[in-house]
Amino acid sequence: MHNKSIAQLSASLRGGEFSSTELVRHYLERIKNLDERLNCFVTVAGDQALQAAEMADQRLREGNAGPLTGIPIAHKDIFCTSGVKTSCGSRMLDNFVSPYDATVVERLQNAGAVMLGKTNMDEFAMGSSNETSYYGPVHNPWDTDRVPGGSSGGSAAAVASRLCSGATGTDTGGSIRQPAALCGITGMKPTYGRVSRYGMIAFASSLDQGGPLTRSAEDAAHLLQAMVGFDHRDSTSADEPVPDYSATLDEDLRGLRIGLPKEYFDEGLDSGVGDAVMAAVDEYRKMGAEVVDTTLPNTGLAVPTYYVVAPAECSSNLSRFDGARFGYRCDDPDSLEDMYVRSRGEGFGPEVKRRILIGTYALSAGYYDAYYLKAQQTRHLISDDFKQAFDKVDVIMGPTSPTTAFAIGERSNDPVTMYLSDIYTIAVNLAGLPGISVPTDLVGGKPAGLQIIGNYFQEAKLLNVAHRLQQVTDWHLAVPEGF
Amino acid sequence: MQWETVIGLEIHAQLATRSKIFSGASTAFGAEPNTQACNVDLGLPGVLPVLNREAVRMAVRFGVAIEAELGRRSVFARKNYFYPDLPKGYQISQFELPVVGRGQVEILQDDGTAKTIGVTRAHLEEDAGKSLHEDFHGLTGIDLNRAGTPLLEIVSEPDMRSAREAVAYARKIHQVVRYLGICDGNMQEGSFRMDANVSVRPYGDELGTRAELKNLNSFRFLEKAINFEVERQIDRLESGAEVVQETRLYDADKDETRSMRSKEEANDYRYFPDPDLLPVELDDSFIASAVKDMPELPDAKRQRFGQEYGLTAYDAQLLTGSEALADYFESAAREAGDPKLAANWTNGAVSAALNKGGLDITSSPVTASMLGVMLKRIVDGTISGKIAKQVFEGMWSGDGTADEVIEAKGLKQITDGGAIEKIVADVIAANPRQVENYLAAEAAKQQKMLGFFVGQVMKQSRGKANPRQVNELLTKKLRG
Amino acid sequence: MSLDRLEVEKIAHLARMQVSGAELDAVAEDLSDILDLVAQMDAVDTAGVAPMAHPLHMAQRLREDKVTETDQRDHFQAIAPATENGLYLVPKVIG
């Protein structure tokens, strides 16, 4: 069962081949048997899942099921779920049970999807390796000594090891695309504003965007369809028409103009990954696409800019975690100040603290212009690079991550090196564009990703381009041994 | 040395919206603690703000009323600091680009001349909750019902030179926001709060170091606190000490200001544009619809009262104090057909009775139309102005309309010439010595002495004789 | 760009976050490294470039002034560290 795509599962459920309850039990069993080695889940919500499966079966029997009815998925533990703990990978929220549902959770629930549980993640989504989680690192199913990437590492590893048929994630600087690449699955970050941020615990509000992690572009289309759309509770939600993402998956790619930015193929790129990406590009050539050289001259500014913008916003977004109304409060505070500094000092891990401190510094009196304002200006330059590139090309392609999965512990003591692993994904968030990572051929037995970047609200085009590759190659079908 | 006082005010007016500025929770005052604090107001993880249209509309109305430049593109910013009544650890406010830019209002000074006070800006922001310090086992209780209530912070230029001017300005802003219907102005409930920046300097010098006075919840306290603070600063400077830039709290019981925190501990608020909110763009149609039912504002009304009704500047000023009072006056005047008389009565007897009873004009037991009818009875000679006082008292204590009171108490003026003639004859007959003196006096003196006879006649008639007729008859009879 | 212990303490105070004496040096070093990375922005001249706060060029949408929320105090306070009589309790606010 667990090897089937979402569309296949949906067909089987409707055809009565098996029930959602059976399917959910099967996945719960897999989680029970396999997750010990991976640590993908912070919370497995078995009872709720079985209840939801029963309701889905009811709908299936009544014949009013949608494409996601009865499909078992997992939510990144950053999405608020009422009645089920939402930890955000932090000690700060280890005791937090949200009194309300995130829009994404509500929408997937309304679509009939069944939540199996909540997936592990870097603490407050701050990390590229899933090592900053309060609940311990997630292991990459392709090599359990290696990281799955982050911050949506739990979701990526769970989908790759087929502990769920799809999962949600969030992407602030590459947090869906990079773990998708490192785990050999498909992960999409939609256009900023496409997926509601309501109930998605904020890291950096102007960059955060939710999206799907799945085993194929076709599955991504199904999951994304249920996630997107205008939400009146999110002021930054885009009131744009939502196309039928599955309808255009098979469109012909002849004449598609693919831009390869030279800055994405520089000396920092692992040559094996570079070759795998070029092999994927060749497949597109064969399909009749036109490949042109393009340039994104300010690429080098992306990481520095990001490490001002994201920490600045996070330093303010995370001020609400103060021990007063929810979440962690230190033992026996002897004053208000003591409650603040110890609750926050003990509740947050080192990476979160680093970013809060950097952000606080960047916004503080005397430094605002040099850091925050400057970063907003360089952000503009980065965004303009894409604008110019999209005058001449339909999509931009390149590697998702400069390397395959690195070893657990390898970079955890060197924040700056860790930050540079997001060099190809970060600019997309700064510009607010949609991007998708799809598996290339394995590189030395490990997955790598091709990143496809589109213009604003071109999710349908990206899914179409990704899907066509998956029709002519079987790279996305590779599965890690032992799972 | 001659010292000059420099004052600027920051006024926080709670906007009279139904729901909060960024959430759909109610803003009603006085609910049980935390029953009107929704997940957005509590700053729960994942929640997001969505701006209330009405709050923007109200800010625009204020901007137009003070002839301000409107911020066609205004931006919400976060003001970051930690305090338990501030759930998110930041207040959503406006910083660089406020919704209302530079404007102005006019105040009347004590000598009756006008002075223009500049308004630097007015911006939208969210109110904080309340900390309750009663004893919860040595802990503080937090009520977040008020958190997220929309505020318009109105910042003046340092244009005021005395506590009286500051009060006149504050009253003017209070009057404007109430006319516009954007704030209920209730100071006890904290709907209208004032902070004053006060400094002194030798005349013509550069600005001195200022202190910010907080907790001024009435116009009287505003005046007293500034006066105390000015004295304090002058004392310090004259004794060779310096004024420290600090926040000071006014203690009404002791009538003094005392230091809250000094500049060293001043917060670094780390303002930056709120990424959860987008720029607010005011287009012409929004502005047009916001101001389409603008009321006549106090200044315009005051001028019209002067021109249309021939009222003195002082009367017009008093009558336009609130829209309700102005409306009261105008309908009484219309009913009576005599605006000056209506103005005298509204500012006189009506105001005095309201003050005595601690009542507002809207709850006056004598309605505008009741007063108008009574005044009409003065105009048409049914009662005298003096008798009218009794009629008014009767109406006030619930004895009915003017006509009912006049009828029931028999207060109708005696205009029957024969009846008055008889009383006049009786008074002349009863006072031969006074008549003799009168006749012996010079003409100029006679006029004065006539008062005695008039008084006697009025007394005999129990005030009901028509005074004009009494005068005429007496003069004729005495000389005759 | 390098931060010293004193500066880190100042920032930590602004952020109301305990950084122990033992951690200070390591944190100062990490932050300094990050600031070095960030300093690469200085290589570009941004004079005249408009700051970009948002990826989308949209204006703020305005909500109708309607009360849509009902009292959920008990629900919300079920996850609070300390409450009494409907109030959230925190250590005494001094002053």
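Residues numbered from 1 in each chain as written. Chains lettered and ligands numbered in written order. Predicted model: local features only at pLDDT ≥ 70, side-chain atom pairs only at ≥ 80, totals over all residues. Heavy atoms only, no water.

## A look at the overall build of chain C
Broken down by element type, chain C carries 3 helices and 3 strands. Order of helices (α) and strands (β) in chain C, N terminus to C terminus: α-α-β-α-β-β. In terms of overall dimensions, chain C is more spread out than a globule: its C-alpha atoms have a radius of gyration of 22 Å, far above the 12 Å expected for 95 residues. Along the first, second and third principal axes, the C-alpha set of chain C runs to 55 × 45 × 25 Å. Counting only residues that meet the buried cut, chain C has 44% of its 95 residues in that class. When contacts within chain C are restricted to residue pairs at least 6 apart in sequence, long-range pairs at least 24 apart make up 29% of them. (Helix = DSSP H or I, 4+ residues; strand = E, 2+ residues; numbered from the N terminus. Rg over C-alpha atoms; globule rule 2.2 N^0.38 Å. Buried < 20%, exposed > 50% of the residue type's maximum accessible area, 1.4 Å probe, protein only. Contact = heavy atoms within 4.5 Å.)

## Side note on the interface of chain A and chain C
In many analyses, interface size is given as the accessible surface area lost on bringing the parts together. The interface is formed by 70 residues belonging to chain A together with 50 residues belonging to chain C. Across the chain A to chain C interface the summed buried area is about 5,100 Å²; carbon plus sulfur atoms make up 70%. Our count for the chain A to chain C interface comes out at 3 salt bridges. We note a salt bridge from arginine 354 of chain A to aspartate 30 of chain C, for which the minimum N-O separation is 2.8 Å. On inspection of chain A and its partner chain C, the count reaches 17 residue pairs in polar contact (both at pLDDT 80 or more). (Buried area = accessible area lost by both parts, 1.4 Å probe. Salt bridge = Lys/Arg side-chain N within 4 Å of Asp/Glu carboxyl O. Polar contact = N/O pair within 3.5 Å; in protein donor to acceptor, adjacent residues only side chain to side chain.)

## Overview of the interface of chain B and chain A
In this complex, chain B contributes 30 residues to the contact, which on the side of chain A involves 37 residues. Both faces considered, chain B and chain A share a buried interface measuring about 2,700 Å² in area, 57% of it formed by carbon and sulfur atoms. Between chain B and chain A we count 1 salt bridge in total. Aspartate 276 of chain B is the salt-bridge partner of arginine 197 of chain A, the closest N and O atoms lying 3.1 Å from each other. For the pair chain B and chain A, the number of links is 18 residue pairs in polar contact (both at pLDDT 80 or more).

## Digging into a negative patch on the surface
On the surface, Asp414 of chain A together with Glu29, Asp33 and Asp36 of chain C cluster together into a patch of negative charge. Within the secondary structure layout, aspartate 33 of chain C lies in helix 2 (residues 21-38). (Patch = residues over 30% accessible without salt bridge, like charges linked within 9 Å, V, L, I, M, F, W, Y side chains within 5 Å. Areas by Shrake-Rupley, 256 points an atom, 1.4 Å probe, with all protein chains shown as cover. Lys, Arg positive; Asp, Glu negative; His and termini not counted. Charge placed at Lys NZ, Arg CZ, Asp CG, Glu CD.)

## So, the sheet that holds strand 15 (residues 272-273) of chain B
Strand pairing in a sheet takes place through backbone hydrogen bonds and is either antiparallel or parallel in direction. All names here are of chain B. Strand order in this open sheet of 3 strands is 5-4-15, and the pairing throughout is antiparallel. Because the sheet does not close on itself, it has two edges, and the strands there are strand 5 (90-94) and strand 15. One ladder, built from 2 bridges, connects strand 4 (residues 76-80) with strand 15; its direction is antiparallel. Its bridge partner being in strand 15, arginine 78 is matched across the sheet by phenylalanine 272. (Pairing = 2+ DSSP bridges.)

## Notes on the pattern of salt bridges
All names here are of chain A. Under the criterion given, the structure shown has 60 salt bridges over all chains. Here aspartate 282 makes a salt bridge to arginine 285, at a shortest N to O gap of 2.5 Å. Here the residue aspartate 282 and the residue arginine 285 both occupy positions in helix 8 (residues 271-286), the gap between them amounting to 3 residues, near one helical turn. For arginine 285, a relative accessible area of 39% corresponds to the partly exposed category.

## A word on unusual backbone geometry
Omega for the bond connecting glycine 150 of chain A with serine 151 of chain A falls within 30 degrees of zero, at 10°, which places this linkage in the cis form. Counting through the fold element by element, serine 151 of chain A comes out in the loop between strand 3 (114-119) and helix 5 (153-160). Despite not being glycine, glutamate 67 of chain B shows a phi value in the positive range, around 55°. Along the polypeptide, glutamate 67 of chain B turns up in the loop between helix 1 (53-65) and strand 3 (73-74). Take glutamate 67 of chain B: its relative accessible area is 59%, and that puts it in the exposed class. The phi dihedral of aspartate 255 of chain B falls on the positive side, at around 50°, and the residue is not glycine.

## Regarding the pairing of strand 3 of chain A
All names here are of chain A. The buried fraction of strand 3 is high, at 6 of 6 residues. One ladder, built from 3 bridges, connects strand 1 (residues 41-44) with strand 3; its direction is antiparallel. Within strand 3, the position partnered with valine 44 by the bridge is glycine 117. Bridge analysis of strand 2 (residues 72-76) against strand 3 gives 5 bridges, and the strand direction is parallel. By the bridge assignment, isoleucine 73 is partnered in strand 3 with methionine 115. This β-α-β element, strand 2 to helix 4 (residues 103-110) to strand 3, shows right-handed connectivity. (Right-handed = clockwise from strand over helix to strand, strands pointing away.)

## Structural notes on the packing of aromatic side chains
The relation between two aromatic rings is expressed through the spacing of the ring centres and the mutual angle of the planes. Applying the stated criterion across every chain yields a total of 28 aromatic pairs over all chains. Relative to phenylalanine 326 of chain A, the ring of phenylalanine 96 of chain A lies with its centre 5.8 Å away and its plane at 55°, an arrangement referred to as tilted. Here phenylalanine 326 of chain A lies in the loop between helix 9 (302-317) and helix 10 (336-347) and phenylalanine 96 of chain A lies in the loop between strand 2 and helix 4, a separation of 230 residues in the sequence. The exposure class assigned to phenylalanine 96 of chain A is buried, which follows from its relative accessible area of 0%. Residue phenylalanine 326 of chain A is classed as buried on the basis of its relative accessible area of 2%. Taking the centre distance of 6.2 Å and the plane angle of 70° together, the rings of tyrosine 269 of chain B and tyrosine 271 of chain B count as edge-to-face. In this structure tyrosine 269 of chain B comes out as partly exposed when scored by relative accessible area, which is 26%. By way of ring pairs, the aromatic residues Phe96, Phe124, Phe321, Phe326 and Phe348 of chain A are connected into one cluster. Of note, lysine 79 of chain B hangs over the ring of tyrosine 269 of chain B, and the distance from its end group to the ring centre comes to 4.4 Å. (Phe/Tyr/Trp six-rings, centres within 6.5 Å; stacked < 30°, edge-to-face > 60°. Lys NZ or Arg CZ within 6 Å of the ring centre and 35° of its normal.)

## Let's talk about the confidence of the model for chain C
All names here are of chain C. For chain C, mean pLDDT is 93; residues scoring 70 or higher make up 97% of the total. Within chain C, no element has a lower average pLDDT than helix 2, which sits at 93, and none a higher one than helix 3 (residues 73-77), at 98. Reported confidences for the modelled complex are a pTM of 0.92 and an ipTM of 0.97. (pLDDT = per-residue confidence, 0-100.)

## Here we look at the packing of helix 4 of chain A against helix 7 (residues 217-227) of chain A
All names here are of chain A. Look at helix 4 against helix 7: their axes get within 8 Å of each other, and the N-to-C directions meet at 115°. The angle between the axes of helix 4 and helix 7 places the two elements in the roughly perpendicular class. Residue-level inspection shows Val104, Arg107 and Leu108 of helix 4 in contact with helix 7, the latter providing Leu223, Ala226 and Met227. Split by residue class, the contact of helix 4 with helix 7 holds 5 nonpolar, no polar and 1 charged. (Axes fitted to C-alpha atoms, helices over the stretch in contact; angles between N-to-C directions. Parallel < 35°, antiparallel > 145°, perpendicular 65-115°, else oblique. Nonpolar A, V, L, I, M, F, W, Y, C, P; charged D, E, K, R; others polar.)

## With respect to the nonpolar core
One finds Phe124, Tyr284, Phe386, Met397 and Ile452 of chain A to be the most contacted residues of the largest nonpolar core, which totals 189 residues. Broken down by element, the residue count for this core peaks at 9 residues, all from helix 9 of chain A. Setting aside chain neighbours within four positions, we find phenylalanine 386 of chain A in contact with Tyr264, Leu296, Ile396, Ala427, Val428, Ala431, Leu433 and Ile453 of chain A. Core analysis: the next-biggest nonpolar cluster, separate from the first, contains 106 residues, Val119, Tyr309, Ala342 and Ile387 of chain B among them. (Core = buried A, V, L, I, M, F, W, Y, C linked by side-chain atoms within 4.5 Å.)

## Notes on the pairing of strand 9 (residues 139-143) of chain B
Taking burial as the measure, the 5 residues of strand 9 of chain B include 4 buried ones, the bulk of the element. Pairing geometry for strand 9 of chain B and strand 3 (residues 87-91) of chain C, over 4 bridges, is antiparallel. Within strand 3 of chain C, the residue paired with glycine 141 of chain B across the bridge is leucine 89 of chain C.

## Overview of the side chain of serine 206 of chain A
Mapped onto the secondary structure, serine 206 of chain A falls in the loop between strand 5 (186-189) and strand 6 (209-214). For serine 206 of chain A, a relative accessible area of 0% translates into the label buried. At 2.7 Å, the side chain of serine 206 of chain A and the side chain of glutamate 313 of chain A are in polar contact. There is a polar contact of 2.8 Å between the side chain of serine 206 of chain A and the side chain of arginine 379 of chain A. If we ignore the near neighbours within four places in the chain, the residues touching serine 206 of chain A are Tyr192, Val309, Glu313, Arg379 and Asn429 of chain A, Pro275 of chain B together with Ala53 and Pro55 of chain C.

## A short note on helix 1 (residues 6-15) of chain A
All names here are of chain A. Buried within helix 1 are the following residues: Ile6, Leu9, Ser10, Ser12 and Leu13. End-on, the buried residues of helix 1 take up no more than an arc of 165°, which puts them together on one face. Counted as exposed and oriented over 90 degrees from the buried face of helix 1: Arg14 and Gly15. Looking at the buried positions of helix 1, the neighbouring elements they touch are helix 2 (20-38), helix 3 (46-62) and helix 7. Immediately downstream of helix 1, the backbone of glycine 16 shows phi near 75°, a positive value. (Arc of directions from axis to C-beta.)

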